[in-house]
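Each chain is listed here by its residues.
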Amino acid sequence: MLYLSDAIRGEYVQDEFNVVEAPCGCGKTEYAVNILPYEILGSKPQFNKVLYLIDTCAGRHSIVAKHPEKARCYDNVVDNGGRRFDGFDANKIVVITYAKLGVEVRRNPDFLKQFDLIIADEFHNIHWPIPYERGIIKTNYPYLTSSEVDALLKERCNNYHAMMALSRAAVNPSAIVVGMSATPYDIETWAEWQDVPFTYMKIASNIRHYTAQNTVPYSHVDGLIKKLPEGQKTLFYAAHITDIKKFQKECETAGLRCASVWSVNNTDNPMTAEQLKIRNAIIETNEFPENVDVLFINKSMETAINIYTPVPNVVVHSANKSAQVQARGRIRNDIENLYVLTPDTRYIDLTDRRINDFFNKPLDVEQKAALVQVVGLKDSQSHKVGWPTLKKALCENGCTILTHRMGTKNYDVIVPPDSVED
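(A) Up close: the overall build of the chain. Along the backbone of the chain there are 16 helices and 19 strands. Relative to its 422 residues, the chain shows a buried fraction of 52%. For the chain, contacts bridging at least 24 residues in sequence account for 70% of all contacts bridging at least 6. Counting every atom, the chain has about 19,300 Å² of accessible surface; 49% of that belongs to carbon and sulfur.

In structure tokens form, the structure reads like this:
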């Protein structure tokens, strides 16, 4: 079985976005930090000409903690003498989140022109905060038209600006842009940018990857908790903090020792001092917390942490294929049991971007009918249900439905469970 450095076939090209689809466990980060700069820039690369983009703050910290001699976090501070430190003083790879990149390119549209090599890791996640921010705008400004919402989104959303800047850099002949992901399923979203051409690197079929001895489907958490082997450690992924709190309470009731971590930037659900301590320890040591049976994580940690402690069980409470692959990949070993959500007739994947577009905005009769078609929920006789049944199912899946009266008409507003941004 080959590591990524030996499995890649072909050469990277300029004027295009080079896509590396590499499974978890193949040495993707090691290749990006220790080999790729030499391949692109020569035997003695100037590392501060290399930009490493990552989707979360936890991922940024993890890369620097693991490679302190070659990588540093991008910062932007001013000392007492007024000198600006922008991350380029040390000859190290500059690591920055997509959101922070958006901030910088809004200040300086030529920010990316400073680099000869741009590595876009976990690039499938550059888009995911955009539907969330679109929903906030629709909630706060329900009177805006769709085009006005889009204009405001472009003005406010840092990830949108990062996405546009990266598309421009990909076709700039002065730099090479390499995107890496184990789940580049949303490549179509990127293709809609500005007609950016893509080149998929050829990868040998016998590339290394992590395996699961057993894949166990489940549909209800209550039954799943009873199946978790006693005395074994479990990593438990759930997209929403609301679910994490609920599931953690159920696990603790069953006698399991639990801990949970999520984004440090979530002001609606700030972590406790103990949670922050656990989060920092995971990032710095790459170990599963001691005296913990079940560790809960959400999307902010889905691609960000690496745990090398043998952990036999991983639970992914999502039917989303990308989430299943990425969350399982946080355990950097083969595992015994991978428990994955298999939806029953009442489950709705709230991470589906087609559904996200209906959140946090007044829905009239026509829009609710359109949502019914998008969700496609069916009853036990395989008949498609209407809005009343879908409304109940949405509430069962953690949403809140508010009714507003505008003029002579009633409108429903779907408020999803908590969202995460990092």
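Next comes the rest of the description.
(B) Highlighting the nonpolar core. With 47 residues, the main nonpolar core has Leu-295, Phe-296, Ile-297, Ile-305 and Ile-307 as its most contacted residues. Residues Phe-115, Phe-123, Ala-165 and Leu-166 belong to the second largest nonpolar core, which totals 32 residues.

(C) The sheet that holds strand E8 (residues 117–121), seen in detail. Taken together, 7 strands build an open sheet; the order of strands is E4-E7-E3-E8-E9-E2-E10 and the sheet is parallel. With partners counted over all chains shown, the strands left at the sheet margins are strand E4 (71–73) and strand E10 (198–200), one partner each. Direction aside, the axes of adjacent strands within the sheet are offset by 25° on average. Taken together, the 3 bridges between E4 and strand E7 (residues 93–97) define a ladder with parallel strand orientation. Bridging across to E7, Ala-71 finds its partner in Ile-93.

(D) Geometry of the side chain of Asn-313. Mapping Asn-313 onto the fold places it in strand E16 (residues 313–317). Residue classification places Asn-313 among the buried residues on the basis of a relative accessible area of 0%. Here Gln-232 takes part through its side chain, which lies 3.0 Å from a polar atom of the side chain of Asn-313. Only 2.9 Å separates the side chain of Asn-313 from the side chain of Asn-337, close enough to count as a polar contact. Each residue touching Asn-313, except ones within four places of it in the same chain, is listed here: Pro-229, Gln-232, Lys-233, Thr-234, Leu-235, Asn-337 and Tyr-339.

(E) The arrangement of the pattern of salt bridges in detail. Within the structure shown, the criterion is met by 8 salt bridges. Two residues, Glu-122 and Lys-28, come together in a salt bridge whose shortest N-O distance is 3.3 Å. With Glu-122 in the loop between E8 and helix H6 (129–140) and Lys-28 in helix H2 (residues 28–34), the pair connects residues that are 94 residues apart, well separated along the chain. Judged by its relative accessible area of 4%, Glu-122 falls in the buried class. With its nearest N and O atoms 3.2 Å apart, the salt bridge here joins Lys-368 to Asp-412. One end of the pair, Lys-368, is in helix H15 (residues 365–375); the other, Asp-412, is in strand E19 (residues 409–415), with 44 residues separating them in the sequence. Each member of the pair, Lys-368 as well as Asp-412, is classed as buried. Put simply, Lys-28, Asp-121 and Glu-122 are held in one network by salt bridges that share partners.

(F) Just the environment of Glu-290, in detail. For Glu-290, the position within the fold is in the loop between helix H12 (273–285) and strand E15 (294–297). According to the relative accessible area criterion, Glu-290 is exposed, its value standing at 67%. Separated by 57 residues in the primary sequence, Glu-290 and Lys-233 place their C-alpha atoms 9.9 Å from one another.

(G) Highlighting the packing of aromatic side chains. This model, assessed by the stated rule, comprises 7 aromatic pairs. Each ring, one from Tyr-74 and one from Phe-111, has its centre 5.7 Å from the other, and the planes form 90°; the classification is edge-to-face. Of the two residues, Tyr-74 is situated in the loop between E4 and strand E5 (77–78) and Phe-111 in the loop between helix H5 (98–107) and E8; the sequence distance between them amounts to 37 residues. The exposure classification of Tyr-74 matches that of Phe-111, with both residues buried. On the numbers, 5.6 Å between centres and 40° between planes, the contact of Phe-236 with Phe-247 is tilted. Here the residue Phe-236 occupies a position in strand E13 (residues 234–238), and Phe-247 occupies one in helix H11 (residues 241–253), the gap between them amounting to 11 residues. Three or more aromatic residues link up through ring pairs in this structure, and these residues are Phe-17, Phe-123 and Phe-198.

Conventions and cut-offs
- Residues numbered from 1 in each chain as written.
- Predicted model: local features only at pLDDT ≥ 70, side-chain atom pairs only at ≥ 80, totals over all residues.
- Heavy atoms only, no water.
- Helix = DSSP H or I, 4+ residues; strand = E, 2+ residues; numbered from the N terminus.
- Buried < 20%, exposed > 50% of the residue type's maximum accessible area, 1.4 Å probe, protein only.
- Contact = heavy atoms within 4.5 Å.
- Areas by Shrake-Rupley, 256 points an atom, 1.4 Å probe, with all protein chains shown as cover.
- Core = buried A, V, L, I, M, F, W, Y, C linked by side-chain atoms within 4.5 Å.
- Pairing = 2+ DSSP bridges.
- Axes fitted to C-alpha atoms, helices over the stretch in contact; angles between N-to-C directions.
- Polar contact = N/O pair within 3.5 Å; in protein donor to acceptor, adjacent residues only side chain to side chain.
- Salt bridge = Lys/Arg side-chain N within 4 Å of Asp/Glu carboxyl O.
- Phe/Tyr/Trp six-rings, centres within 6.5 Å; stacked < 30°, edge-to-face > 60°.

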